[in-house]
Amino acid sequence: MVVREKRTGAGESRRDGIPARIVLAGFRATGKSAVGGRLAVRLQYRFIDTDDELCARMKGSVTALVRRRGWPAFRKMEQALLVELAGTEGVVIATGGGAIMHQDEWRLLRKGSLVVWLRAGAATIRKRLEADAASAVQRPSLTGIDPAREIEEVLAARESLYRRGSDVVIETEHRTPEDIAAEIEQLCAPFRN
Ligand code: S3P
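The following paragraphs examine the structure supplied in this document.

What counts and what doesn't
Residues numbered from 1 in each chain as written. Predicted model: local features only at pLDDT ≥ 70, side-chain atom pairs only at ≥ 80, totals over all residues. Heavy atoms only, no water. Salt bridge = Lys/Arg side-chain N within 4 Å of Asp/Glu carboxyl O. Helix = DSSP H or I, 4+ residues; strand = E, 2+ residues; numbered from the N terminus. Buried < 20%, exposed > 50% of the residue type's maximum accessible area, 1.4 Å probe, protein only.

Let us look at the pattern of salt bridges. Side chains that differ in sign of charge can pair as their charged atoms come close. Within the structure shown, the criterion is met by 17 salt bridges. A salt bridge links Glu150 to Arg28; the nearest nitrogen and oxygen atoms lie 3.7 Å apart. Note that Glu150 is positioned in helix H8 (residues 147-164) and Arg28 in the loop between strand S4 (21-25) and helix H1 (32-43), a separation of 122 residues in sequence. With a relative accessible area of 11%, Arg28 lands in the buried category. Taking the shortest distance from any N to any O, the salt bridge between Glu178 and Arg38 comes out at 3.6 Å. Here Glu178 is found in helix H9 (residues 177-188), whereas its partner Arg38 is found in helix H1, with 140 residues between them in sequence. Accessibility expressed as a relative area gives 36% for Glu178, which makes it partly exposed. The network of salt bridges with common partners includes Arg38, Arg42, Glu178 and Glu185.

In structure tokens form, the structure reads like this:
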């Protein structure tokens, strides 16, 4: 784990000294949902997965929405949800891999949050995506190109956004979600009174 930046704004609004929101960022299949659920239990925070929330609201999968209305419709809903979540407290939020592209809304959400970037390399992401049954319903192609190339290209394009948009980066390769959740919980300890 690498703490790259200490922001005075982080945790402006805290519950029991813990930042109001723990936001998990990162590419597809980096463990945001698995880690987020476990972390929420540890912190006794509510867990929100932005993809699940959007799917519940539109009563369908990401794949179905994108097929029917295209990526711009999904991105618009995602953008609005980030603004809404910026007003929440006591939550762990697993964001969709593309949420980082909404820079204005991300800045808003980041205020008072601890943002953790869960990182993995393209080869690992590819293996995890292939093994995850959720990929078919939650992760339609972003570009229409070959999946392996898509991972490499989109990851390369987004890495600097994840880096600049987070407070901490955790390498997830060869680690379990429980182990990572425990590390983030520890990271919150200095914020406690
Ligand atoms: C996306 C990632 C997905 C989901 C959608 C778009 C992306 O979430 O929001 O398919 O642009 O990378 P996960 O990161 O949870 O897979």
